[in-house]
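# Observations on chain architecture
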Amino acid sequence: KGKLHGVGSESGNRLPAPVVHMTAASLGEVAACLVRVPTEVVKQRMQTGMQTKAVDTMKRIITHEGGVLGMYKGFGITIMREIPFALVQF
């Protein structure tokens, strides 16, 4: 009574609930960053005046800055910032 119940298989191998929640929060942040990072890359390029239209900015990044992966510059460091925050906030 009063204990946190874990999640797991019926065989009794259970993960503590906080671990499950922290993992879910971390995976949610990674998924969000898959959308957020390319949006930020395009926004930053437009703010510097390199392009005036989002579509033109995306075309330039893809053709001159490493293909589709160019849209994900800064993804790793963003994840390194977001996951610890998600763990604390969950």
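Quantities reported herein were computed from a predicted structural model and do not represent experimental measurements.

## A few points about the confidence of the model for the protein chain
- With 84% of its residues at a pLDDT of 70 or more, the protein chain shows a mean pLDDT of 86.
- Looking over the protein chain, one finds the lowest element-wise mean pLDDT in strand 1 (residues 7-8), namely 58, and the highest in helix 2 (residues 54-64), namely 94.

## Points about a nonpolar patch on the surface
- Taken together, the side chains of Met58, Ile62 and Val68 present a nonpolar region at the surface, about 240 Å² in accessible area.
- Within the secondary structure, Ile62 sits in helix 2.

## Quick look at the side chain of Glu29
- Structurally, Glu29 can be placed in helix 1 (residues 17-47).
- Overall, the relative accessible area of 17% leaves Glu29 in the buried class.
- Residue contacts for Glu29: discarding those within four places in its chain leaves Arg36, Ile79, Glu82 and Ala86.

## As for the packing of helix 1 against helix 2
- Their axes nearest at 9 Å, the elements helix 1 and helix 2 cross at an angle of 105°. Taken together, the axes of helix 1 and helix 2 are roughly perpendicular relative to one another. Every residue of helix 2 that contacts helix 1 at Val41, Val42, Arg45 and Met46 is listed here: Ala54, Thr57, Met58 and Ile61.
- Among the residues forming the contact of helix 1 with helix 2, the class breakdown is six nonpolar, one polar and one charged.

## Comments concerning the nonpolar core
- In this structure, Cys33, Val37, Val41, Val42, Ile61, Met71 and Ile79 together form the largest nonpolar core, which totals seven residues.
- Among the elements that line this core, the one with the most residues is helix 1, at four residues.
- Those residues in contact with Val42 that lie beyond four places of it in its chain are Ala54, Thr57, Met58, Ile61 and Met71.

## So, the pattern of salt bridges
- Inspection of every chain in the model, using the stated rule, returns five salt bridges.
- Linking Glu40 and Lys43 is a salt bridge whose minimum nitrogen-to-oxygen distance equals 3.1 Å. Here Lys43 and Glu40 lie together in helix 1, a separation of three residues that amounts to about one turn.
- What makes Glu40 partly exposed here is its relative accessible area of 30%.
- Ionic pairing is found between Lys73 and Glu65, a salt bridge with its closest N-O pair at 3.8 Å.
- Residue Glu65 is classed as buried on the basis of its relative accessible area of 16%.
- Through salt bridges with shared partners, a single ionic network connects Arg45, Glu65 and Lys73.

## A word on the packing of helix 1 against helix 3 (residues 75-89)
- The geometry of helix 1 relative to helix 3 is characterised by a closest axis approach of 9 Å and an angle of 145° between their N-to-C directions. Judged by the twist between their axes, the crossing of helix 1 over helix 3 is right-handed. Contacts from Met22, Ala25, Ser26, Glu29, Val30, Cys33, Leu34, Arg36 and Val37 in helix 1 reach Phe75, Thr78, Ile79, Glu82, Ile83, Ala86 and Leu87 in helix 3.

Criteria and cut-off values
- Residues numbered from 1 in each chain as written.
- Predicted model: local features only at pLDDT ≥ 70, side-chain atom pairs only at ≥ 80, totals over all residues.
- Heavy atoms only, no water.
- pLDDT = per-residue confidence, 0-100.
- Helix = DSSP H or I, 4+ residues; strand = E, 2+ residues; numbered from the N terminus.
- Patch = residues over 30% accessible without salt bridge, like charges linked within 9 Å, V, L, I, M, F, W, Y side chains within 5 Å.
- Areas by Shrake-Rupley, 256 points an atom, 1.4 Å probe, with all protein chains shown as cover.
- Salt bridge = Lys/Arg side-chain N within 4 Å of Asp/Glu carboxyl O.
- Buried < 20%, exposed > 50% of the residue type's maximum accessible area, 1.4 Å probe, protein only.
- Contact = heavy atoms within 4.5 Å.
- Axes fitted to C-alpha atoms, helices over the stretch in contact; angles between N-to-C directions.
- Parallel < 35°, antiparallel > 145°, perpendicular 65-115°, else oblique.
- Nonpolar A, V, L, I, M, F, W, Y, C, P; charged D, E, K, R; others polar.
- Core = buried A, V, L, I, M, F, W, Y, C linked by side-chain atoms within 4.5 Å.
- Left-handed = near helix turned anticlockwise from the far one by under 90°.

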